[in-house]
Amino acid sequence: MTENAPEAVAAFIRNQRVEHGVPHRVSRRVVGVSQTWFYKWRRRPDEPTKREVRRARLEERIIHFFTESGGTYGSPRITLDLWAENWKVSVNTVAEITA
């Protein structure tokens, strides 16, 4: 994990309150993150979410189809292949991932 990883920044802010009594508000301002951002990362589970797992699997399949085509398939053709495997995905999502 790098020093600027979101998990590390959230842990730093949290530790400032626990170890030094510095309010989250002050630490957030020093680090330059919003309250919304901090609470999102503070409550984030250690394990990836179902959505993140699905997205990673989807990316693997997209790479597979692109590689198998010799790098010639675009998002419309890859989407058709994904639909054939019963993936529920739009052409725009595939295009976003392949961009």
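Residues numbered from 1 in each chain as written. Predicted model: local features only at pLDDT ≥ 70, side-chain atom pairs only at ≥ 80, totals over all residues. Heavy atoms only, no water.

### Quick look at the packing of aromatic side chains
Okay, so step 1: Scanning all chains against the criterion turns up two aromatic pairs.
Okay, so step 2: Both rings, one in Trp-37 and one in Trp-41, keep their centres 6.1 Å apart while their planes meet at 40°; by these two values the pair is tilted. Here the residue Trp-37 and the residue Trp-41 both occupy positions in helix α3 (residues 35-42), the gap between them amounting to four residues, near one helical turn.
Okay, so step 3: With centroids separated by 5.2 Å and ring planes inclined at 65°, the aromatic side chains of Phe-38 and Tyr-39 adopt a geometry described as edge-to-face.
Okay, so step 4: On the basis of relative accessibility, which here comes to 24%, the residue Tyr-39 falls in the partly exposed class.
Okay, so step 5: For Arg-61, the ring lying beneath its charged end belongs to Phe-65, and the centroid distance is 4.9 Å. (Phe/Tyr/Trp six-rings, centres within 6.5 Å; stacked < 30°, edge-to-face > 60°. Helix = DSSP H or I, 4+ residues; strand = E, 2+ residues; numbered from the N terminus. Buried < 20%, exposed > 50% of the residue type's maximum accessible area, 1.4 Å probe, protein only. Lys NZ or Arg CZ within 6 Å of the ring centre and 35° of its normal.)

### Looking at the side chain of His-24
Okay, so step 1: Locating His-24 in the fold gives a position in helix α2 (residues 24-31).
Okay, so step 2: Ignoring sequence-local partners within four residues, the contact set of His-24 consists of Ile-13, Arg-14, Arg-17, Phe-38, Tyr-39 and Arg-42. (Contact = heavy atoms within 4.5 Å.)

### Notes on a nonpolar patch on the surface
Okay, so step 1: Judged by side-chain polarity, Phe-12, Val-26, Val-30 and Val-31 come together as a nonpolar surface patch covering roughly 330 Å² of accessible area.
Okay, so step 2: It is α2 that contributes the most residues to the nonpolar patch, three residues altogether. (Patch = residues over 30% accessible without salt bridge, like charges linked within 9 Å, V, L, I, M, F, W, Y side chains within 5 Å. Areas by Shrake-Rupley, 256 points an atom, 1.4 Å probe, with all protein chains shown as cover. Salt bridge = Lys/Arg side-chain N within 4 Å of Asp/Glu carboxyl O.)

### Quick word on the pattern of salt bridges
Okay, so step 1: Applying the stated criterion across every chain, the model contains four salt bridges.
Okay, so step 2: Close ionic contact of Arg-55 with Glu-59 constitutes a salt bridge, the shortest N to O distance being 4.0 Å. Highlighted residues: Arg-55 and Glu-59, both in helix α4 (residues 50-68), separated by four residues, approximately one helical turn.
Okay, so step 3: A salt bridge links Arg-55 to Glu-96; the nearest nitrogen and oxygen atoms lie 2.9 Å apart. Note that Arg-55 is positioned in helix α4 and Glu-96 in helix α6 (residues 91-98), a separation of 41 residues in sequence.
Okay, so step 4: Judged by its relative accessible area of 28%, Arg-55 is partly exposed.
Okay, so step 5: Overlapping salt bridges, with partners in common, bring together Arg-55, Glu-59 and Glu-96 in one network.

### A look at α2
Okay, so step 1: Every buried residue of α2 is accounted for by His-24, Ser-27 and Arg-28. Taken end-on, α2 shows its buried residues confined to a sector of 100°, consistent with a single buried face. Of the exposed residues in α2, those oriented more than 90 degrees away from the buried face are Arg-29 and Val-30.
Okay, so step 2: Tucked into the core, α2 has its buried residues touching α1 (6-20) and α3.
Okay, so step 3: The first or second residue beyond α2 is Gly-32, which carries a positive phi of 90°. (Arc of directions from axis to C-beta.)

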